[in-house]
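The lines below spell out each chain.
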Amino acid sequence: MTSSTTSDKQRALIFSIIALVLTALAAAGRLCSLLFFYDKIGYYQRGAVLPVVSNILFAASVVFFAIAALFWLKPAKTVAVPSKTAGYAALLPALALAACAVFSLDRVLSPELNILYLLNLLLAVVGAVFFFSLTFCRQPSTLSVLTGVGTILWLAISWLRSYRDFTVPMNSPDKLFFNLGCIGATLFVFSELRAIYGMSKPRFYYFSISTAILTLAVSSIPSLIGNACGIFASYSLTFEDLFFLALLIYATVRLITLVSSKPTEIDEAVSPSEEAQE
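This is a predicted model, so every value here is computed, not measured. (Residues numbered from 1 in each chain as written. Predicted model: local features only at pLDDT ≥ 70, side-chain atom pairs only at ≥ 80, totals over all residues. Heavy atoms only, no water.)

## Details of the overall build of the chain
- Within the chain, the secondary structure is distributed over eleven helices and two strands.
- Put simply, the chain runs from its N terminus to its C terminus through helices and strands in the order α-β-β-α-α-α-α-α-α-α-α-α-α.
- Looking at the chain as a whole, 49% of its 278 residues are labelled buried.
- Of the accessible surface of the chain, which amounts to about 13000 Å², a share of 71% is contributed by carbon and sulfur atoms. (Helix = DSSP H or I, 4+ residues; strand = E, 2+ residues; numbered from the N terminus. Buried < 20%, exposed > 50% of the residue type's maximum accessible area, 1.4 Å probe, protein only. Areas by Shrake-Rupley, 256 points an atom, 1.4 Å probe, with all protein chains shown as cover.)

Here's what the structure looks like:
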């Protein structure tokens, strides 16, 4: 391994550590905001400082990820396919989507058939197959690509369902963070599909996975804890948040295994002309 390659790996490692620290701080900030400054009508108390600081930290983190990925990181030519460890972690979102499918099946079989729940059921099954394929299929896999697109469509349906939940105000911060979680998850799944087929842009991949970890953590962890503590007057996105939490774990394992993998997997140096093309 050359000294340049070592330096590049160190940059990726430092970036990953900072991303995880910022994620922990932002998630803790939103959780404390929910526990101490939240009204059941769906908004934070007027004049509360912590929610504002927490939101600023969240936004600043996304900006940092974009700037650092573009100007500071010097990643390899391609992003390695998921390792065996990451593949095993993919079982968690697969099982979470299977649970979402079971929940939707109960709604589909109810007297009042809702087309969104029917689509949610079908696409949740497809999404579960995608994450199972990361565990059991050799990559690249045609099955992973086809079902990965279905996973993105499931996220779109979940986003649409959240807007049709009129028990939560349309501009509630809870609904906003859930929508941001959908965006982060979509970016990550899209980047993962490109990585599987060796078409990834490494800088965009690092931005996508760090942003996904941030948005998924801030969306799911505080909401699940807040719901368990009775913070919300009404909350209907529990199964989606469980999937976000499971995907968060997979994305975190994926990032850790990526930056700690062997040089032959991700540390092939780029020439100046190739680096400029990224």
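After that view, the rundown keeps rolling.
## Describing a nonpolar patch on the surface
- Together, Leu13, Ile17, Val21 and Leu25 make up a nonpolar patch on the protein surface, roughly 350 Å² of accessible area in all.
- Residue placement: Ile17 occurs in helix α1 (residues 3-37). (Patch = residues over 30% accessible without salt bridge, like charges linked within 9 Å, V, L, I, M, F, W, Y side chains within 5 Å. Salt bridge = Lys/Arg side-chain N within 4 Å of Asp/Glu carboxyl O.)

## Quick look at the environment of Thr151
- Residue placement: Thr151 occurs in helix α6 (residues 142-163).
- Classification of Thr151 by relative accessible area gives buried; the value is 0%.
- Expressed as a C-alpha distance, the spacing of Thr151 and Val126, which sit 25 residues apart in the sequence, is 6.6 Å.
- In contact with Thr151, not counting residues within four places along its chain, are Gly127, Phe130, Phe131 and Val189. (Contact = heavy atoms within 4.5 Å.)

## Let's talk about unusual backbone geometry
- Note that the residue after Gln139, namely Pro140, is joined by a cis bond; omega there is 0°.
- Residue placement: Pro140 occurs in the loop between α5 (115-136) and α6.

## Topic: the pattern of salt bridges
- If you walk through the whole model with that rule in mind, you get three salt bridges.
- Across the salt bridge formed by Arg30 and Asp174, the nearest N and O atoms sit 3.1 Å from each other. Pair noted here: Arg30 is in helix α1 and Asp174 is in helix α7 (residues 173-196), with a separation of 144 residues, a long-range link. Asp174 shares its class with Arg30; the two are buried.
- Arg254 serves as the salt-bridge partner of Glu192, at 2.8 Å between the closest nitrogen and oxygen.

## Looking at helix α4 (residues 91-108)
- Its 18 residues give α4 an end-to-end C-alpha distance of 25 Å, which sits within 8% of 26 Å, the value for a rise of 1.5 Å per residue.
- Next to the buried residues of α4 lie α3 (84-89), α5, α6 and α9 (238-259). (Expected span 1.5 Å × (residues − 1).)

## Observations regarding empty space enclosed by the protein
- Evaluated as defined, the whole model comprises two cavities of 30 Å³ or more.
- Considered as a void within the structure, the second largest cavity measures approximately 60 Å³ in volume.
- Ser162, Asp165, Val168, Asp174, Lys175, Tyr235, Ser236 and Leu237 are the residues that line the second largest cavity.
- Per-class residue counts for the lining of the second largest cavity are three nonpolar, two polar and three charged. (1 Å grid on protein atoms, 1.4 Å probe; cavity = no way out; pocket = protein on both sides within 12 Å on 5 of 7 lines; lining within 4 Å. Points joined across faces, edges and corners; volume = space filled by probe spheres on them. Nonpolar A, V, L, I, M, F, W, Y, C, P; charged D, E, K, R; others polar.)

## Here we look at the environment of Leu20
- Inspection of the secondary structure puts Leu20 in helix α1.
- Given the relative accessible area of 30%, Leu20 is considered partly exposed.
- Spatially, the C-alpha atoms of Leu20 and Ile213 are 7.8 Å apart, while their sequence positions differ by 193 residues.
- The contacts of Leu20, once residues within four sequence positions are left out, are Ile213 and Thr252.

## Here we look at the packing of α6 against α7
- At a closest axis distance of 10 Å, the pairing of α6 and α7 adopts a crossing angle of 170°. As far as their axial angle goes, α7 and α6 are roughly antiparallel. Facing α6, whose interface residues are Ser144, Val145, Gly148, Val149, Thr151, Ile152, Leu155, Ser158, Trp159, Ser162 and Tyr163, α7 presents Lys175, Phe178, Asn179, Cys182, Ile183, Ala185, Thr186, Val189, Phe190, Leu193 and Ile196.
- Here the contact of α6 with α7 is composed, by residue class, of 14 nonpolar, seven polar and one charged. (Axes fitted to C-alpha atoms, helices over the stretch in contact; angles between N-to-C directions. Parallel < 35°, antiparallel > 145°, perpendicular 65-115°, else oblique.)

These results come straight from atomic positions and should not be treated as a statement about function.
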